[in-house]
Each structure stands twice: as C-alpha cells, then as structure tokens.
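# Descriptive analysis of the structure
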Amino acid sequence: MSQDRIKDQKHDGQPDVSRRKFLNTAAFAGLAGASMTVGLSACKQEEKAAPAAAPASAPAAASEAGKYEVAPGQLDTYYSFSSGGHSGNVRIYGLPSGRELKCIPVFNTDCLVGWGITNESKAIIGTKPDGSLKYQTGDTHHVHPSYTDGTYDGKYLFVNDKINSRLARVRLDTMECDKITELPNVQGFHGTFPDKRDPVDASINHTTRVFCGAEFSIPLPNNGHNIEKTAEYRSLFSCVDSETMQVRWQVLIDGNCDLVATSYDGKLAATNQYNTEMGVHYPEMMSVERDACLFFNVARIEEAVKAGKVTYIGDSKVPVVDGRKAANADPKTALTCYVPIPKNPHGVNISPDGKYYACSGKLSPTATVIEHELVLKWFEGEIKEPRDTVVAEPEIGLGPLHTGFDNKGNAYTTLFLDSQIVKWNVEAAIKAYKGDKNVTVVLDRIDVHYQPGHGFTSMGETKEADGKFFISDNKFSKDRFLPVGPLHPETAQMIDISGDKMKLVADHSVLSEPHDSIVVRRDIIKTRQVYNMDEFPNAVKDPKDSGVFRDGKKVTVKLTGQAPAYSMPEFTVKKGDEVTIILTNHDKVEDLTHGFAIPKHDINFIVNPQETKSVTFKADKPGIYWCYCTHFCHALHLEMRSRMIVEL
Ligand code: CUK
Ligand code: CUA
Ligand code: CA
C-alpha cells in the first residue's frame, strides 16, 4: 500500500486518474479471507444494477458554485464539531464554508491558551502528586452534544479519550473543557453517546447519562495477574452522570465495544462488537461470520444496581453488573441482548425517527437494520431469537463503516474500500428483506476522495435531521490539496443530499486526524461574548489589589491587565520562591484577549475579557524577565509588559 501511494503521488497539480487504485480492494479481500471474497463478488453483481458512479472529480457546475458560498461578512449556517483524533482536541469549523473557527484543547496541552499550563486547566486534566500533568496525550474519536427531548440543547459536548480512557465535557457557552473523568478498569474507551432523554424518570427529558464503550478486553483487575488467561479478558460498558461526571455504573460484557448509539426514548444503548471471538490477534478477531450489536436495557441495569446485584473490581468503587451472555439468557430478566451481525461490524447509528439501528458490516458488504421496537419486544420475551430483531440486511458495497440519515427515510453509508458514499432507502431495504423484488434499495453512489471513515448528515443524529448536507470524513486526501510533505491533511467532503442525486460540492481540508463530527444548526449554539469576573473566586477585582504577597517561600503575585498595561510595571521575587501569578483581564470589550508569557520560565497563557487565570512556577534563575502580552490587543500591544525581577 505504501508503495502504491508513492507511485500514485503527483505533484504537478493534475488529477491522477489512477488514484483510486492506491488502496485496492483485492489486497483487502486477501486480508479479510474467504468471506470477504464472497462479499466482493456479491457486491460486484449488485454493482451492475446500481446507478453508475459520479465522475471521479466532477467539479460543481459553475452556476452551482455560488450556491454554497458564504460571502465575506456572512456567517455559516452550521457549526461542525469534530474530534481531533490523536491531536487530543476538538475542532470547530463552519459549514458550508469550511472556515476553521477554533481548536478546543481537551486532552492535549496547548500554549495558545495555556491549556495544561494554568493551574485551572491542570486541575481539570489531573495532576500527579508533584503537580505535573497525569497525562499529556489523548485520542479523541467521538463528539456528541447533550440532548433535550431528542435534539441538541446547546449545553455540553462530550468527547472520549481512547488512550487514557477518559471522558471530557466541553461547555458550549464558552467552548472550553470543564471536566474530565477517567473510567476505572477500562482500556480503549472508544464509542460514546449521551442519552437523548432520561429513560427512568419520565419527567426528565434531557441528557442525564453518557454511555462509554471499551474496545479492548483486559484482565480484570489488570494488576499483573492472569496475563496469559486471555480467554478471561473482559470489557466494561460504562455510564457517566452528565452533571457530576461521576461513573454511575459499569456492565461486564462478553466481546468488545466499539461505537455507541442511544435510542430516542432513552430505553436502550447499543454498541457494535467486532471481536465477539474475544481474540487477541486479528486473525482470531475475524474468525466467525457474525459478531454482534449489543443492546443494554438501561432501566433494568439501574434496577439491578439499586438492588445491589453488583460486584466491584479492584479498588474501584463503581458498581458493576453482569451483562455477559450466559447470565442473561432469560429475556425477561436480561440486562443485555446480543444481536448477531455480519462481520466485524463498524458503526451503529439510529435513524432520526427513532425506529431503526443501522450497523455496517465492514468485512461484509452489508448494512444490518435492527428495529428498536423488536429489541424491546425481545426484552419482554415476545421474540425468541435476538436475530429476529433484524428487519433488513441490504448489500450496499465494500467496507461499509458509518451511516448518516436524512429526513426522508434514506441512509448514507461510507464505503471505506470502495471510496464511495452509498445512498439507500431503509423502508425499501425492509421490503426487499421480506422478499419484495420490485423495490430499489440502493438509490445512488458517489465517489469520495479517498477512503471515507465517518460520514454524517446535518442535524442527522437528532430528530431534527434536515437532509441538507452529508459530510464524508475521508482518511486519505493524497492529491486533493497542495502537498505539504509526507503527512497529509484529511478531507471533509461536503455533499448536497437535498435532491435525488448526491452532489459533491466542496472539498474542505481538515488537519489530521478527525474521526467523527456532528453538524449543528447555528441557532442552537448560544455562546458568551465575555466572562463574568464574579465567577472566578481568585479574581483580582480591583487593580489596587495588585501586589506581591509573601508566605515564606510561597509568593502570590496579583495582577490585572487592561490594554495596554498590566497593573504592575514590575514586581520582585527571590531566587527559590514558588511563585503563583494570578492575572485578571479587566477589559470588557468582546474579543479583547491578553496573553502573559515569561521568558525562560516556560509560562504562556491567555486571559479573555473579565477572565482570571493563574500559573505556579519556581523562580530559580536570578535576573530580570520581561513578562509580555502575547495576544495582539492594542496599538501598544508590544509595550504591554511587566518586568519580573528575581533577586539573588
Ligand atoms: S471510529 Cu474512526 S472511522 Cu473511532 Cu468512529 Cu469509525
Ligand atoms: Cu495585551 Cu497584547
Ligand atoms: Ca469478529
């Protein structure tokens, strides 16, 4: 694959017609073994009947181009919130323009704002006893906002960290992270989804729980014992309280968790499982024809927790209930339901009408449709086999991963191996599954560039899905943008899905390496323009309160900033002091941010209007240090300085 990539690389600005070969499907067929080959040929037959693919890089017609343009001075109609992958952050861009708006540091450190440098951000990320950060890296895959009654309420955004098994919460009024929780006994925390309403208390219609799936199975507890007993490795599915951010409970399961979806009535959470084999190496993980989509009965789990039918793992105080298959054979008392799905499925998404879950096959060319009501019926004992909850399984193409929905009953699935998006109709697929031969299931296909992972529609994960845009988050961009060296950006391609045929209307470059995004109508998001000084207990409310306050070797320096000056032009500390600087921005004007950097002390952070931040460091180098404003704020921005004197 890497050789093909190099061979296909063109730097002359001309589109390379052979580019789609660079991850050729034959190689993957070999990898996936016999069942993939079957899938491959089956799909090829179907391909003939399906509508032809759009021309590879058809530009939007000239007359169309202006339609998606956001003119200077105009605002976008949507926010897109996007995970930053192993950048550890969350990004915001506008749609349809693709304008980059902000990177929110979450699990990473970021000297633009001082994330991981200020005391306040360190307290959120978590520190070791010596005050240094507990973790400095993260891998964000899935971002989902809080819901009220099935649609976004603009309050919070939740995002996972796969590396260190943490869930973070971002406040949407300030677009800053305010809490991070580490999940006990979990590795590879991957999928996450908040509930869309409270499943237990019908009077509460907003997000109260955030569900978190663990992808990797480990010895429980993971303390050096039982390392070779791989058949006993297990994963946990966790529920975090959206307000306190405490872990409420966990479910011990067979197999693994990958992505997570929640139902609109709050009754079920679902996760796709690609490793029901509980294999340790990938050939084992591909050994069975069907893995599963696993459903959790939230109310029953919480009853079991209440009734004390729980265990505890290691030092963890989080109650754990038993969701393993053998313990849940009787549907009427089961906490979990394992629905068989072909093969190493990836992605589980619920349709905006709340009726169906779509689970893609990844190594099978199919999407499996599971009916929500039928899963509930299985839990009531009215349906015998979990597999009988499946109402459709159309063949849609090779390497299907994630599905987005419009408001007309159509699904749009990314096909990683085919480098395409396939549009298919859910009700038609259900009819075809029942034997109706006169329905057209696959309605359209379009090439994307290249190898799409996530795909999502505007408002598509809410009951307000509007059927306007589908964004294909492609894993390879190769020749689509100016070359920037061996590491390429990714492409978020914008497709107009409002008509019968999909239309590729924009290539947006995105910095490596987003996994998932959501597209939110702009009226839902209500941000603050400035902070409120009273919210910061350590605020220096009056410039007259500025000064150097000594308590033995501990020194607190209180400062304010108002363009173009800090309240003290200089301050003096002694060598060996532990210095805490508290800085309050007294400017009230929107967008008037100040910075504060201290040369040779590795200090760099900002304070936004009316905000207070603090840093603590050792003053161990005698001399003078010009603390300066890093953020352009005023005609006299360069003059905005304060002299730190460190005496011998
Ligand atoms: S996983 Cu990345 S393409 Cu983390 Cu959502 Cu499917
Ligand atoms: Cu204050 Cu630049
Ligand atoms: Ca498998």
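Given the structure is predicted, the values throughout are model-derived calculations rather than measurements.

The rules we used
Residues numbered from 1 in each chain as written. Chains lettered and ligands numbered in written order. Predicted model: local features only at pLDDT ≥ 70, side-chain atom pairs only at ≥ 80, totals over all residues. Heavy atoms only, no water. Helix = DSSP H or I, 4+ residues; strand = E, 2+ residues; numbered from the N terminus. Near = heavy atom within 4 Å. Nonpolar A, V, L, I, M, F, W, Y, C, P; charged D, E, K, R; others polar. Buried < 20%, exposed > 50% of the residue type's maximum accessible area, 1.4 Å probe, protein only. Pairing = 2+ DSSP bridges. Salt bridge = Lys/Arg side-chain N within 4 Å of Asp/Glu carboxyl O. Donors = N, O, S within 2.8 Å, 3.2 Å for Na, K, Ca; no water. pLDDT = per-residue confidence, 0-100. Contact = heavy atoms within 4.5 Å. Polar contact = N/O pair within 3.5 Å; in protein donor to acceptor, adjacent residues only side chain to side chain. Phe/Tyr/Trp six-rings, centres within 6.5 Å; stacked < 30°, edge-to-face > 60°. Axes fitted to C-alpha atoms, helices over the stretch in contact; angles between N-to-C directions. Core = buried A, V, L, I, M, F, W, Y, C linked by side-chain atoms within 4.5 Å.

### Points about unusual backbone geometry
- Cis geometry is adopted by the peptide bond preceding tyrosine 450, which originates at histidine 449 and carries an omega value of -5°.
- With respect to the helices and strands, tyrosine 450 occurs in the loop between β24 (442-447) and β25 (452-457).
- In the segment running from alanine 563 into proline 564, the intervening peptide bond is cis, with an omega of 0°.
- Tracing the chain through its elements places proline 564 in the loop between β31 (554-562) and β32 (565-566).
- Residue asparagine 344 is not a glycine yet carries a positive backbone phi of 50°.

### A closer look at the site of ligand 1
- Around ligand 1 sit His141, His142, His190, Leu259, His346, His402, Gly453, His454, Lys475 and His515, and that is every residue in its neighbourhood.
- Looking at the shell around ligand 1 residue by residue, the class counts come to one nonpolar, eight polar and one charged.

### Considering the pairing of strand β21 (residues 400-405)
- The buried fraction of β21 is high, at six of six residues.
- Bridge count between β21 and strand β22 (residues 410-415): four bridges; the pairing is antiparallel. Looking across to β22, one finds that phenylalanine 405 is bridged to alanine 411.
- Connecting the antiparallel pair β21 and β22 is a turn made up of four residues, with glycine 409 showing a positive phi of about 85°.

### What to know about the pattern of salt bridges
- Taken as a whole and assessed by the stated rule, the structure comprises 30 salt bridges.
- Put simply, arginine 248 and glutamate 302 hold a salt bridge, and the shortest N to O gap is 3.8 Å. Of this pair, arginine 248 sits in strand β11 (residues 247-253) while glutamate 302 sits in helix α7 (residues 298-306), and the two are 54 residues apart along the sequence.
- Exposure remark for arginine 248: the relative accessible area of 27% places this residue in the partly exposed category.
- A cluster of three or more residues bridged by salt bridges with shared partners is formed by Asp195, Asp198, Arg209, Asp241, Arg248 and Glu302.

### A word on the coordination of the calcium ion (ligand 3)
- Donor atoms from the polypeptide that bind the calcium ion (ligand 3) are Tyr274 (O), Glu277 (OE), Glu277 (OE), Met285 (O), Asp291 (OD), Asp291 (OD) and Asn344 (OD1), placed at 2.3 to 2.7 Å.
- Sequence positions of the residues that donate to the calcium ion (ligand 3) give the spacing Y-x2-E-x7-M-x5-D-x52-N. Comparing tyrosine 274 with glutamate 277 shows no difference in burial state: the two are buried.

### Details of the confidence of the model for the protein chain
- Looking at the protein chain, pLDDT values average 92 and 90% of them are 70 or higher.
- In the predicted structure, residues 1-58 sits below a pLDDT of 50 and forms 89 contacts with residues beyond four places in sequence or in another chain.

### Comments concerning helix α9 (residues 426-433)
- Taken together, the buried positions of α9 are Val426, Ala428, Ala429 and Ile430.
- Of the surrounding secondary structure, the elements contacted by the buried residues of α9 are β18 (356-360), β19 (367-371), β20 (390-392), β21, β22 and β23 (420-425).
- The N-cap residue of α9 is asparagine 425: its side-chain oxygen and the backbone nitrogen of glutamate 427 are 3.1 Å apart.
- Just beyond α9, the residue with positive phi is glycine 435, at close to 115°.

### Section: the packing of aromatic side chains
- All chains considered together, the criterion is met by 15 aromatic pairs.
- Measuring from centroid to centroid gives 5.8 Å for phenylalanine 596 and phenylalanine 605, while their planes differ by 50°, and the two rings are tilted.
- On the basis of relative accessibility, which here comes to 0%, the residue phenylalanine 596 falls in the buried class.
- Here phenylalanine 605 falls in the buried class, since its relative accessible area comes to 0%.
- The rings of Phe211, Phe237, Trp249 and Phe296 are connected pair by pair, giving a single aromatic cluster.

### What to know about the side chain of asparagine 108
- Residue placement: asparagine 108 occurs in the loop between β3 (100-105) and α5 (119-125).
- At 2.9 Å, the side chain of asparagine 108 and the backbone nitrogen of valine 106 are in polar contact.
- If sequence neighbours within four positions are ignored, asparagine 108 has contacts with Ser87, Gly88, Asn89, Trp115, Ile125 and Gln136.

### Describing the sheet that holds β19
- Reading across the sheet, the four strands line up as β17-β18-β19-β20 and stay open at both edges, with antiparallel pairing between neighbours. Two strands bound the open sheet, and with one partner strand each, they are β17 (346-350) and β20. Ignoring which end each strand starts from, the neighbouring axes of this sheet average 30° apart.
- Note that β18 and β19 share five bridges and pair antiparallel. Across the sheet, alanine 358 pairs through a bridge with valine 369, a residue of β19.

### A look at the sheet that holds β22
- Sheet architecture is open: four strands sit in the order β21-β22-β23-β24, paired in antiparallel fashion. Here the strands that pair on one side only, and so sit at the sheet edges, are β21 and β24. For this sheet, the mean inter-axis angle between neighbouring strands, taken without regard to orientation, is 20°.
- Pairing geometry for β23 and β24, over five bridges, is antiparallel. Bridge pairing in β24 links lysine 423 to aspartate 444.
- The sheet contacts of α9 involve β21, β22 and β23, and relative to β23 the element is tilted by about 70°.

### Describing the nonpolar core
- Ranked by internal contacts, the top residues of the largest apolar core, which has 44 residues, are Phe81, Val106 and Phe237.
- Look past the residues within four positions of phenylalanine 237 in its chain and what remains in contact with it is Phe211, Cys212, Gly213, Trp249, Gln250, Val251, Cys257, Val260, Ala269 and Phe296.
- By size, the runner-up hydrophobic cluster in this structure holds 41 residues, among which are Tyr264, Phe379, Phe405 and Ala428.

### Some remarks on the environment of glycine 154
- Examined against the element boundaries, glycine 154 turns out to sit in strand β5 (residues 151-161).
- Of the residues examined, glycine 154 reaches a relative accessible area of 15% and is grouped as buried.
- Put simply, glycine 154 and isoleucine 525 are 371 residues apart on the chain and 5.2 Å apart in space, counted from C-alpha to C-alpha.
- Beyond its immediate chain neighbours, meaning those up to four positions away, glycine 154 contacts Leu172 and Ile524.

### Section: the environment of tyrosine 79
- Topologically, tyrosine 79 is positioned in strand β1 (residues 78-83).
- Setting aside its immediate chain neighbours within four residues, tyrosine 79 contacts Ile92, Tyr93, Met175, Ile518, Val519, Val520, Arg522 and Ile525.

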